[in-house]
Every structure is written in C-alpha cells, then in structure tokens.
Amino acid sequence: MNVWIAIGVTAVACYAVKLAGLLVPAGVLERPLVRRLAALLPVALLAALTAQQTFADGHALVLDARAAGLAAAAVALVLRAPFLLVVAAAVLVTAGVRALGG
C-alpha cells in the first residue's frame, strides 16, 4: 500500500470521526452516563498507553527499568508530589536502573 494512500485514508477517517462528534445532538451529551464516560475515558486511555509503553516490547511482555521508573512515579504521586517532581523521579530512577545494568 502506498504511504500517501494510507495518509489520505487516515486523514479522511480522522475528519469523519470529528464530524461524527459534531453531529451528535446536544441532548445526548447532557445525559449523566455520557458525561461520566467522557470524564473517565481520557484516564483509561492514558493508563492503557502507559501500561503498553512500560511493559511491552513488540509482542513480548518485559519488566525492565521503565517499570522501576513507573513505580517511582506512582510513589511520588501517592506522596502528592508536584508533577515536575513526579516526572523527575521517574526519569532519575529509570536512568539509575539502566546505569546499573538493568
């Protein structure tokens, strides 16, 4: 498949999804279930992306320095650290584990 065809199909599909979202009646969006799902969906997608990027390498499940960094970030979040400190803790722990040969 030509790359430009794939790009064109993707662009049209993205536009169609955006158009479908704009065509939804306002009454549907005001329903409590829809509002709750809309609030929870970004959290679920971010959690899935984080898990996939942390524990997957191609088709294999791995446990490496990224998992240690994620654990450090989780601890920092539990301790209610500011976001930059959470990211810094994850980076430092991941780098430290990799430097030690993990």
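You'll find the structure just up there.
Summarised in this report is the structure supplied together with it. The shown structure was predicted, so the numbers you read here are calculated from the model rather than taken from an experiment. (Residues numbered from 1 in each chain as written. Predicted model: local features only at pLDDT ≥ 70, side-chain atom pairs only at ≥ 80, totals over all residues. Heavy atoms only, no water.)

The phi angle at Arg-80 is positive, at roughly 60 degrees, despite the residue not being glycine. Secondary-structure assignment places Arg-80 in the loop between helix 4 (65–78) and helix 5 (83–99). (Helix = DSSP H or I, 4+ residues; strand = E, 2+ residues; numbered from the N terminus.)

All right, on to the nonpolar core then. If you look at the biggest cluster of nonpolar residues, it comprises five residues: Ala-73, Ala-76, Ala-81, Val-86 and Ala-90. Elements with a contribution of two residues or more to this core: helix 4 and helix 5. In this structure Val-86 touches Ala-73, Ala-76, Leu-77 and Ala-81, once residues within four positions along its chain are discounted. (Core = buried A, V, L, I, M, F, W, Y, C linked by side-chain atoms within 4.5 Å. Buried < 20%, exposed > 50% of the residue type's maximum accessible area, 1.4 Å probe, protein only. Contact = heavy atoms within 4.5 Å.)

Turning to the packing of helix 3 (residues 32–55) against helix 4, a few remarks are in order. Contact geometry for helix 3 and helix 4: axes closest at 8 Å, N-to-C directions at 140 degrees. Considering their axes alone, helix 3 and helix 4 lie oblique with respect to each other. Along its contact with helix 3, which presents Thr-50, Gln-53, Thr-54 and Phe-55, the element helix 4 presents Arg-66, Ala-67 and Leu-70. For the contact of helix 3 with helix 4, a count of residues per class yields three nonpolar, three polar and one charged. (Axes fitted to C-alpha atoms, helices over the stretch in contact; angles between N-to-C directions. Parallel < 35°, antiparallel > 145°, perpendicular 65-115°, else oblique. Nonpolar A, V, L, I, M, F, W, Y, C, P; charged D, E, K, R; others polar.)

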